[in-house]
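Fold and geometry: a report
Next come the chains, spelled out residue by residue.
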Amino acid sequence: MPARRVYLETFGCQMNELDSELVAGQLTSLGYRFTSNADDADVVLYNTCSVREQAEQKVWSRLGELRKSKSDKPEMVVGVLGCMAERDGTDLMDRMPVVDVMCGPAELDKLPSLIDNAVRTRLSLVTDDPKAAIKSVKAAALQGSSSRRSGTLAAAGDSLEYLDLSRSVSPIDPIGSLRKSAYVRITRGCNKFCTYCVVPFTRGAEIHRPPAHIIEEVQRLADQGIAEITLLGQTVNHYRFEHGSAKITNGITQPQKGQAFKGGHRRDPLAGTNTTTFADLLYQLHEKVPSVQRLRFVTSYPRDFGDDVLEVIRDCPRLCRYLHVPAQTGSDRMLKKMNRGYTAGEYSEFIDRARHYLHQPEIGRPLMISGDIIVGFPTETDEDFALTVELLERSRYKSCFIFKYSPRPGTVAYDKIPDDIPNSVKRERNNALLAIQNRISDEVSKEQIGCEFDIMIEGPSQHAIKASGHRATKAPSGVQLTIGGKSTGEAEDFSITALLDRFEGDTVQFSGRTDGDQIVMFDAPTATASTLPGRIRRARITDGRGLSLFGELIDS
Ligand code: 5AD
Ligand code: SF4
């Protein structure tokens, strides 16, 4: 029987991209193959995001589009994974009968067997009685609020941990040669309960992975050629593992529930040798896995970001000078209503402190910071908004995501604070901030002209790929590159040599990144370009526009 083909599309954050990659790895080991075309697929999966309503609407419209394909091909299995599955629960299946399988982000370890069952059941039933087949495959794995209620992790061990541990850069993955970056999760879930945010409900309570598991995973990825690792957590700097209270099940140390954070600006004096703090983890990764050339982390919470962490970043050359630290607003009144736990003044003090430790343009290592802002949170006045404008001007981010407040059912803000800012005002404020940030990003880029940086080379720029008439999409694992027209579902040749064969001319535009995460475009000779991805080379910056720097490689 030919391998079942899966189409997997990912919406939302980096955490979702990692989840998709792990799910793709599991399905591959069960014999499934991936296709970049939903029409060719036997299994269509959407890994969804619930953070804003707009993200959910995209999935609803995708599901609507599938109705026709499914009536033509009733054996097709459709799955909704991730935050939207968790938030909507099985109501989603009632509203969208095209959906067969649902799986929340905290239950993804169960997904391969849910899909396998659905595929088998559907195949065995579809020929005799299509209607019965449609009903009988419906299945869901959702955590509900159980992980918050239970207070402790399941006695049998935290099975989701095994999903992270199971990852591999598959040897049959034809992309191996192009792929140089990977995400590694260090914490899951969130305990902060910002009043606008669904994440604590969809992803559950904050869980910290044992440091040995993280180091082992990073080492394994490095052994397989990964040069750049991004550590992931919703509030990544609050990572902390207490070895004294660690639980061991079947010989495996289990992840641990997050405690109230006591770090402050210094290493917590209570954190003895039996505790691995975030600073300790960064240092250990840097020292124990030197073949990882770049290590960065997202997303930082602006409170309790210790000097110990800043010192480690300053002193370890392979730790990147890049921080993503959302402020959300510059108004203390709004920050309080959002339950963020800091003031705008404290936020700015942190940014100044980080720059004091880490901003060293004189050695080619300026600190780059990016942020997130929400406009139009309930009751936001012109005065509140003016304070956000001030914060944006003060922060001088290299880039900033700006969002219009989107009320999310189940959150405190949705239940208690009416969404009273008209959409037209949200839009105006959004556009005003975008204009300011575009100017700042352009200024920050221009400040780099004449500087030299080490850049990690990625591959042909998106612009070059488009100009060559080829389609570039993110393939199922979220990190793979699909080039060319319709996928056949068979293994495509993704090797860098095959990719470069498609370019004409002596040079091809490549892109790379500084350790501050700025994009650098440069021309590479087509003949030798295949040796470049994943390498770190010195580049001189000759121009800077918007979010991009332009430069040339300096031979060393
Ligand atoms: N409305 C708008 N933006 C939101 N974010 C989170 N929840 C909402 C919401 N309900 C934004 C925050 C967060 C980013 C991931 O998404 O800025 O940092
Ligand atoms: Fe959401 Fe706040 Fe947690 Fe970030 S810190 S995931 S915004 S609740």
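Just so it is clear, the structure is predicted and the values come from calculations on it, not from any experiment. (Residues numbered from 1 in each chain as written. Chains lettered and ligands numbered in written order. Predicted model: local features only at pLDDT ≥ 70, side-chain atom pairs only at ≥ 80, totals over all residues. Heavy atoms only, no water.)

1. A few points about the sheet that holds strand β9 (residues 207-208)
With antiparallel pairing, the three strands of this open sheet are ordered in space as β8-β9-β14. Strands at the two margins of the open sheet, each flanked by one partner only, are β8 (187-188) and β14 (256-257). With two bridges connecting them, β9 and β14 associate as antiparallel partners. By the bridge assignment for β14, His208 is matched with Gln256. (Pairing = 2+ DSSP bridges. Helix = DSSP H or I, 4+ residues; strand = E, 2+ residues; numbered from the N terminus.)

2. Details of the nonpolar core
One recurring pattern in soluble globular proteins is that nonpolar side chains are buried together. Among the nonpolar cores identified, the biggest contains 99 residues, and Ile229, Leu231, Leu282, Phe297 and Leu323 are the most heavily contacted of them. Considering every element that reaches this core, the biggest residue donor is helix α14 (residues 344-358), with seven residues. Once residues within four sequence positions are removed from consideration, Leu323 is found in contact with Phe297, Ser300, Phe305, Ile313, Phe350, Ala354, Leu367, Met368, Ile369 and Ser370. With 23 residues, the next largest nonpolar core counts Val44, Val59, Val78 and Met102 among its residues. (Core = buried A, V, L, I, M, F, W, Y, C linked by side-chain atoms within 4.5 Å. Buried < 20%, exposed > 50% of the residue type's maximum accessible area, 1.4 Å probe, protein only. Contact = heavy atoms within 4.5 Å.)

3. Describing the site of ligand 2
Cys190, Lys192, Phe193, Cys194, Tyr196, Cys197, Val199, Pro200, Gln234, Thr235, Tyr301 and Arg340 make up every residue found near ligand 2. Per-class residue counts for the shell around ligand 2 are eight nonpolar, two polar and two charged. (Near = heavy atom within 4 Å. Nonpolar A, V, L, I, M, F, W, Y, C, P; charged D, E, K, R; others polar.)

4. With respect to the site of ligand 1
Ligand 1 sits among Val51, Arg52, Tyr196, Gln328, Asp372, Ile374, Phe403, Lys404, Tyr405, Ser406 and Arg408. Note that an oxygen atom of ligand 1 is positioned 2.7 Å from one of the side-chain N or O atoms of Gln328. Between Ser406 and ligand 1, the recorded distance is 2.8 Å, taken from a backbone N or O atom to a nitrogen atom. Relative to its unbound accessible area of 400 Å², ligand 1 is 85% covered by the protein chains. At the level of elements, β18 (368-375) and β19 (399-404) are the ones that each hand at least two residues to the shell around ligand 1. Looking at the shell around ligand 1 residue by residue, the class counts come to five nonpolar, two polar and four charged. (Polar contact = N/O pair within 3.5 Å; in protein donor to acceptor, adjacent residues only side chain to side chain. Areas by Shrake-Rupley, 256 points an atom, 1.4 Å probe, with all protein chains shown as cover.)

5. Examining the sheet that holds strand β16 (residues 294-298)
Strand order in this open sheet of three strands is β7-β10-β16, and the pairing throughout is parallel. Looking at strand neighbours, the two that pair on one side only are β7 (181-185) and β16, the edges of this open sheet. Sheet twist, expressed as the mean angle between neighbouring strand axes with direction ignored, is 25 degrees. As defined by bridge partners, β7 adjoins strand β10 (residues 228-232) across five bridges and the pair is classed as parallel. Each residue of the ladder has a partner; that of Ala182, found in β10, is Ile229. With respect to the sheet, helix α11 (residues 278-288) is in contact with β10 and β16, its orientation differing from that of β16 by roughly 155 degrees. (Axes fitted to C-alpha atoms, helices over the stretch in contact; angles between N-to-C directions.)

6. Some words on the side chain of His324
For His324, the position within the fold is in strand β17 (residues 322-324). For His324, a relative accessible area of 8% gives the class buried. Residue contacts for His324: discarding those within four places in its chain leaves Val298, Thr299, Ser300, Ser370, Gly371, Asp372 and Phe401.

7. Focus on the pairing of β19
In this structure, β18 lies alongside β19, joined through six bridges in parallel fashion. In the sheet register, Val375 faces β19, and the bridge partner there is Lys404. Crossover β18 to β19 through helix α15 (residues 382-395) is right-handed. (Right-handed = clockwise from strand over helix to strand, strands pointing away.)

8. A short note on helix α1 (residues 14-29)
For α1, with 16 residues, the first-to-last C-alpha span of 23 Å sits near the 22 Å given by 1.5 Å per residue. Within the sequence span of α1, burial applies to Met15, Asn16, Glu17, Leu18, Asp19, Ser20, Glu21, Leu22, Val23, Ala24 and Leu27. (Expected span 1.5 Å × (residues − 1).)

9. Things to note about the packing of α15 against helix α17 (residues 423-447)
Their axes nearest at 10 Å, the elements α15 and α17 cross at an angle of 15 degrees. In terms of orientation, α15 and α17 fall into the roughly parallel class. Of the two elements, α15 crosses α17, and the hand of that crossing is right-handed. Residues Asp382, Phe385, Thr388, Val389, Leu392 and Glu393 of α15 form the contact with α17, whose participating residues are Arg429, Ala432, Leu433, Ile436, Gln437, Arg439 and Ile440. Residue composition of the contact of α15 with α17, by class: seven nonpolar, two polar and four charged. (Parallel < 35°, antiparallel > 145°, perpendicular 65-115°, else oblique. Left-handed = near helix turned anticlockwise from the far one by under 90°.)

10. Concerning the state of the cysteines
By the definition in use, this model includes zero disulfides. Lacking any disulfide linkage, Cys83 is separated from the closest cysteine sulfur, that of Cys49, by 6.3 Å. Of the residues examined, Cys83 reaches a relative accessible area of 6% and is grouped as buried. (Disulfide = S-S within 2.5 Å.)

11. Here we look at the confidence of the model for the chain
Confidence along the chain averages 86 in pLDDT terms, with 84% of residues attaining 70 or more. Contacts for the low-pLDDT stretch residues 145-156, under 50 throughout, to residues beyond four places or in other chains number 17 contacts. Within the model, pLDDT remains below 50 along residues 170-176, and this stretch shows nine contacts once partners closer than five positions in the same chain are excluded. (pLDDT = per-residue confidence, 0-100.)

12. Looking at unusual backbone geometry
For the peptide bond that leads from Val298 to Thr299, omega is -5 degrees, which places it in the cis range. Here Thr299 shows up in the loop between β16 and α12 (307-315). A positive phi angle, close to 65 degrees, is found at Asn339, a residue other than glycine. Take Asn339: it is sitting in the loop between α13 (332-337) and α14. Its relative accessible area of 38% is what places Asn339 among the partly exposed residues. Even without being glycine, Thr379 reaches a positive phi, approximately 70 degrees. Along the chain, Thr379 turns up in the loop between β18 and α15. For Thr379, a relative accessible area of 24% translates into the label partly exposed.

13. What to know about α17
Compared with the 36 Å implied by 1.5 Å per residue over 25 residues, the 36 Å span of α17 between its first and last C-alpha is a close match. Against β18, α15, β19, β25 (536-545) and β26 (548-553) lie the buried residues of α17.

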